[in-house]
Each structure stands twice: as C-alpha cells, then as structure tokens.
Amino acid sequence: VLSLKEAAKDIKSLSNDFPAVQRNISRIMASIKMLEINTADFEKY
Amino acid sequence: MNNQYWNPVLETLEREKLRALQLRKFKRIFKWAYENSKFHRSLYDAAGVKPEDIQSFEDIHAVPKVEKSMMRDIQRKTPFPYGDALCVPLEEVTEFRQTSGTTGQPVYQPDTWQDWEWWAECWCFILWAQGYRPTDRVFIPFGYNVFVAFWAGHYGAEKLGCEVVPGGVLDTKARILKIQELRTTAMMATPTYVLGMADTARNKMGIDPKSLTVNKITCAGEPGAGIPTTKKRIEETWGAKVFDHAGATEIGAWSFECADQPHGMHVNEGLFLVEIEDLDTGKIIEEPGKRGKMIITALDRQAQPCVRFDSKDIIEWDKSPCSCGRTFRLIKGGVVGRSDDITKVKGVLLAPSAIEEVVRGIDGLGDEFEVLVDKVGDVDRIALKVELMPNSETRREEIEARLVDQLRIKTNLRYNLSFHDYEALPRYEVKAKRFKDLRKSH
C-alpha cells in the first residue's frame, strides 16, 4: 500500500499541466488512503 | 476467511490494540486540525493544549469540545462560506452538504474527494454487517439534495458492489411500483417513511408490502429502528429485517446494528472515537449502564475535522459483547435521545422516544401521533393526538385504556388524549416533528 502511495505521489508531481492525469491520480490517492485505513494504519498490531 | 466482516482484521482487533490504534489516530487528526485550521488552533491554544501534549486518553479528555453553535458562528465569518475551520485549500473541496437545521441555522459541511471516499467506506462497514452483498439490488427512496442523508449510503452500496437504484424525485406510489418492477432486495430510508410507504402500498394501491422482494431495510435519520415496537411494526409490515444506523453530517456514519440484531449498535471504533460524558459531572463514563452525552471524533476526516464534537446524542455502553464477534463496543438500544430533546413536563423528565415506543406498541393505533406541551399559568399541560385505524373503532375503549396505562408506566405522566381519524395527522418523510413544546415560544 505504501509503495502504491509513493508511485501515486510521483505521478501527481508530474501532472501539473495534465488535468486528466491530475484529477484521476487524486481520486486514486483517495482510494489508496482508504486502503491505508483498512490495512497499513494497524499493520503493526 | 470469515465472510461476515467488511474488514475482518479491524473489526475483531483485540480491545487493547484497538484502543492503541484510536489513540494513535487521535493524535494524528488532532495535529492535522491544529496545524491546518485557524479555528481549531486558537481553540486549543486558548486551552493550552498542543499536539505533543496528547499521550493518553486522559489527555484527550482535556481537549476542548466543539459544539454545533461554534460551527455556525465560524461560518458567518470570512472566508466565505466555511470560515477559518477549513483545513484544505477551497479548490480541494468537491462536496457540499449541510445539516437539516432542525436545531437552528444549518451548518455547511465541506468534504474533499478523500472525505467522500471515507463516507462511502464508513457505509461499507454498515451495509456489509447488515448482510448487503454484491448480489443485492438496493432501492433508495430519498430526495437527493443538500442533506447528506442517504447520499453516502448510495455511494457505500455502490462501492460494496450492489446495484443501486436511486428513487429520487419519484412519488411514493411510483417508488413502490419501481420496487415491484425491479424486485429490489434492500432499501434505505427513515423509519417514518418506511411506515408511510407501507401504508400507501396497502391502503391506496392494494399491494401487501410483504409480497414485495425487500428483505432488509436500513433506517437512519430518526431513532425509530432502535425503538423495539417501531422496529417490530416495520419488520412485520414488510416481512424484512430492519437495521438501525446513526450518523450525522458533521460527524460521519459512526454506528451500525449488525445482522445479529443485538438491540443496540456497534460504534465503528476503527474510524471513530466515542466518549460518553456524564450530564451532571462532565466526567467520562467508561462503565456500561449509565447514560450520558456522546462526544465524538472522526479519526480520518480531513476538510472540516470533527474533533471531540459534542453531538448531544444520549447513549450508554452495553455490558455484553455482541454474538457477531466484533470487538467494536455496543451502545445499548442505539441513540436513545438528545440532551436538548429531553425536557421536563410537570417536573418529570420526558424523552419523546418513550411516547413513540408506547404508541407504536398498541395494535389498532396508526403509525402517526403528535405531542403538544404548553403551559397554563405555572402548570404544564401535555396532549397526545393519535389515529385510530379504520377497523378499530369498536375497540376504542380497550385501546384507550391500554394507552393510558402504558403511558403512565413508561413516562409517568397523564395526557389529554384525543383520537383522530386515520390519516388526519401530518405525514413526514424525514425528520418528523411530532413533539411540539409550545412553552419555548412563550
């Protein structure tokens, strides 16, 4: 999940003049956040 | 892996680990609010609480509460329209909703797309626990508008994989026909509206709701599905399981009744921290069986954080763990009232839900009723209007005797009763206003 997050951040940083990429990657990042809530947030437990 | 949980790890996490997770997440959301919202920062600075001070649950109890009236005040100030509580740039807000305004000026609620995903996620926990699966076709008879109500339920069901049928601007008859036509298996609505739909189906369309294919109904917006007599009425009328749920625009969808129907609701403790505050002492109640006011934190909400929000909902912890195996704590009987609803009449504390429980428990009375409280000189008066079902006129004396008796037992008050014809009282779709305290307008 964390590597997905890093990859999404990299794509976002390259998407300034590309709305189709920027908005879609924003939505993907929101979904990754839900994965974090459901897994990575408590993996150490 | 057991198929009954949306998140089989989080929902069965040992209590100690769950509490540790809540503390860690509280620290994170508190820091987020402190660093990104001027309103929160000045509130906490005034109380002398900083993010690094939060090391235990006792430290959390020292964090100032936020009330709805404070949010109203903020939103009257610049920047328009959310004041200085917004934690993200305005261009990141993708969703606008507002509270219903039942208790005053509505509060605006901004959400980012991430928040909206989170809303849907909250609902996935609810719906999965109540037996919704991708094979379900879900009908939502809700006027999609500025109120959040079943919007998030819609997105949650969709995310879970259900086929969702939006019953938006259709009238009640058209909605019933759509349910019949599409053989929908589930529905989400307020208890009042579910009862109203059944009434229309039976008495105006000649359709027995039990003959429709709806096998589960998720209720929200009012306490009805947590009131045993109302729940029983809906279940018998529709031949469906009825589940309670509670949520709020400023909070999120924070609780749910599971498929085991334990006469209470689970708090989603993976996503929310619920504290119960004693109404007299202000101390936090940890033990079961004692009612208090809910103070709640949404642990992952971003745009307009909900940190120690004073919801005014009255709840109590249940002592027994649920047979479903979730470690999320149960609140007994759901939300049993609101601290600003409970009122004194003739010196007796009265929760309006107790009257509903009595009326809906008497065969021969209609679903609707109205309570009027006023004052003559220094003396309170309380009147109750009920509807007699068309085939029950001959039983009026027996029904009246039972009503008087049950009201005395459950509320310790005597009422001026009046019986009305079936359909004489107002019908509601959302936020029914059946309790009118005229003393407040004097």
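Residues numbered from 1 in each chain as written. Chains lettered and ligands numbered in written order. Predicted model: local features only at pLDDT ≥ 70, side-chain atom pairs only at ≥ 80, totals over all residues. Heavy atoms only, no water.

Undergrad: Teacher, can you tell me more about the packing of aromatic side chains here?
TA: Describing an aromatic ring pair means giving the distance of the ring centres and the angle of the ring planes. Residues and elements named next belong to chain B. Counted by the stated rule, this structure contains 13 aromatic pairs over all chains. Aromatic rings pair up to connect Trp116, Trp118, Trp119, Tyr155 and Phe272 into one cluster. Positioned above the aromatic ring of Phe57 is the side chain of Arg19, whose terminal nitrogen or guanidinium carbon lies 3.8 Å from the ring centre. The lysine or arginine in question, Lys216, covers the ring of Tyr132, its NZ or CZ lying 5.5 Å from the ring centre. (Phe/Tyr/Trp six-rings, centres within 6.5 Å; stacked < 30°, edge-to-face > 60°. Lys NZ or Arg CZ within 6 Å of the ring centre and 35° of its normal.)

Undergrad: Help me understand the sheet that holds strand S10 (residues 272-277) of chain B in this model?
TA: Consider a sheet: its strands pair through backbone hydrogen bonds, and that pairing is either parallel or antiparallel. Residues and elements named next belong to chain B. Read from one edge of the open sheet, 4 strands run S10-S11-S12-S14, paired in antiparallel fashion. Every other strand in the sheet has two partners, leaving S10 and strand S14 (337-338) as the edge strands with one partner each. The pairing of strand S11 (residues 292-298) with strand S12 (residues 309-315) spans 4 bridges and is antiparallel. Each residue of the ladder has a partner; that of Ile296, found in S12, is Phe309. Along the sheet face, helix H1 (residues 15-36) touches S10 and S11 and points at about 95° away from the line of S10. (Pairing = 2+ DSSP bridges. Helix = DSSP H or I, 4+ residues; strand = E, 2+ residues; numbered from the N terminus. Contact = heavy atoms within 4.5 Å. Axes fitted to C-alpha atoms, helices over the stretch in contact; angles between N-to-C directions.)

Undergrad: Please clarify how the interface of chain B and chain A should be interpreted in this entry.
TA: How big an interface is tends to be expressed through the accessible area that disappears when the partners come together. Contact residues are listed per partner, giving 20 residues for chain B and 12 residues for chain A. Taken over both partners, the interface formed by chain B and chain A buries close to 1500 Å², and the fraction arising from carbon and sulfur atoms is 58%. It is Arg24, Trp113 and Gln114 of chain B in chain B that bury the most area against chain A; as a group they hold 32% of the surface buried on that side. Across the chain B-chain A interface, the total number found is 2 salt bridges. Across the salt bridge formed by Arg28 of chain B and Asp41 of chain A, the nearest N and O atoms sit 3.0 Å from each other. Our count for the chain B to chain A interface comes out at 5 residue pairs in polar contact (both at pLDDT 80 or more). Only H1 and helix H5 (113-129) of chain B provide two or more residues apiece to the side of chain B that touches chain A. Residues belonging to the side of chain B that touches chain A are distributed by class as follows: 9 nonpolar, 3 polar and 8 charged. (Buried area = accessible area lost by both parts, 1.4 Å probe. Salt bridge = Lys/Arg side-chain N within 4 Å of Asp/Glu carboxyl O. Polar contact = N/O pair within 3.5 Å; in protein donor to acceptor, adjacent residues only side chain to side chain. Nonpolar A, V, L, I, M, F, W, Y, C, P; charged D, E, K, R; others polar.)

Undergrad: Explain unusual backbone geometry to me, please; I cannot follow it from the model alone.
TA: Among all residues except glycine, the phi angle is most often negative; among peptide bonds, the trans geometry is most common. All names here are of chain B. Omega for the peptide link from Thr78 to Pro79 comes to -5°, which places this bond in the cis form. With respect to the helices and strands, the residue Pro79 is situated in the loop between helix H4 (68-75) and strand S1 (93-98). Cis peptide bonds are those with omega within 30 degrees of zero, and the linkage from Phe80 to Pro81 qualifies with 0°. With respect to the helices, strands and loops of the structure, Pro81 is situated in the loop between H4 and S1. With phi around 20°, Ala149 is a residue other than glycine that occupies positive phi space. In this fold, Ala149 is placed in the loop between strand S3 (137-140) and helix H6 (151-160). Residue Lys312 is not a glycine yet carries a positive backbone phi of 70°.

Undergrad: Explain helix H10 (residues 352-359) of chain B to me, please; I cannot follow it from the model alone.
TA: Residue pairs spaced three or four apart in an α-helix point in one direction, given the helix's 3.6 residues per turn. Residues and elements named next belong to chain B. Burial analysis of H10 places 6 of its 8 residues in the buried class, which makes it a mostly covered element. Of all the residues in H10, the buried ones are Ser353, Ala354, Ile355, Glu356, Val358 and Val359. Its buried side turned inward, H10 meets helix H9 (228-238), strand S16 (348-350), strand S17 (365-376), strand S18 (379-388) and helix H11 (396-411). (Buried < 20%, exposed > 50% of the residue type's maximum accessible area, 1.4 Å probe, protein only.)

Undergrad: I'm lost on a nonpolar patch on the surface in this one. Help?
TA: Residues and elements named next belong to chain A. On the surface, Val1, Leu4 and Leu35 cluster together to form a nonpolar patch covering roughly 230 Å² of accessible area. As for its position among the elements, Val1 is in the segment before helix H1 (2-13). According to the relative accessible area criterion, Val1 is partly exposed, its value standing at 34%. (Patch = residues over 30% accessible without salt bridge, like charges linked within 9 Å, V, L, I, M, F, W, Y side chains within 5 Å. Areas by Shrake-Rupley, 256 points an atom, 1.4 Å probe, with all protein chains shown as cover.)

Undergrad: What am I meant to see in the nonpolar core here?
TA: The tendency in soluble globular proteins is for nonpolar side chains to be buried as a group. All names here are of chain B. Core analysis: the largest hydrophobic core is formed by 83 residues, its most contacted members being Phe26, Trp118, Trp123, Met188, Trp254, Phe272 and Val274. In terms of residue count, the dominant contributor to this core is H5 (12 residues). Among the nonpolar cores identified, the runner-up in size contains 22 residues, and Tyr193, Met197, Ile207 and Val242 belong to it. (Core = buried A, V, L, I, M, F, W, Y, C linked by side-chain atoms within 4.5 Å.)

Undergrad: Before we go on, may I ask you to explain the sheet that holds S17 of chain B in this structure?
TA: Residues and elements named next belong to chain B. In spatial order, the strands read S19-S18-S17-S20; together these 4 strands make up an open sheet with mixed pairing. With one partner strand each, in any of the chains shown, strand S19 (416-420) and strand S20 (435-437) form the two edges of the open sheet. With direction set aside, neighbouring strand axes in the sheet form an average angle of 15°. As judged from the 9 bridges shared by S17 and S18, these two strands associate in the antiparallel manner. Bridging across to S18, Glu370 finds its partner in Lys385. Where H10 meets the sheet, its contacts fall on S17, S18 and S20, and the angle it forms with S17 comes to roughly 140°.

Undergrad: What is the right way to look at the confidence of the model for chain B in this model?
TA: Keep in mind that low pLDDT regions are not for reading the predicted coordinates in detail. Within chain B, residue pLDDT values average 93, and 98% of them lie at 70 or more. ipTM for the predicted complex: 0.93, alongside a pTM of 0.87. (pLDDT = per-residue confidence, 0-100.)

Undergrad: Where do I start with the packing of H5 of chain B against H6 of chain B in this structure?
TA: To characterise two packed helices, one gives the angle between the axes of the helices and the distance between these axes. All names here are of chain B. Where H5 contacts H6, the two axes come as close as 7 Å, and the packing angle between them is 75°. One element, H5, and the other, H6, form an angle in the roughly perpendicular class. The segment H5 lies against H6, with Trp113, Trp116, Glu117, Trp119, Ala120, Glu121, Trp123, Cys124, Leu127 and Trp128 engaging Trp151, Ala152, Gly153, Tyr155, Gly156, Ala157, Lys159 and Leu160. (Parallel < 35°, antiparallel > 145°, perpendicular 65-115°, else oblique.)

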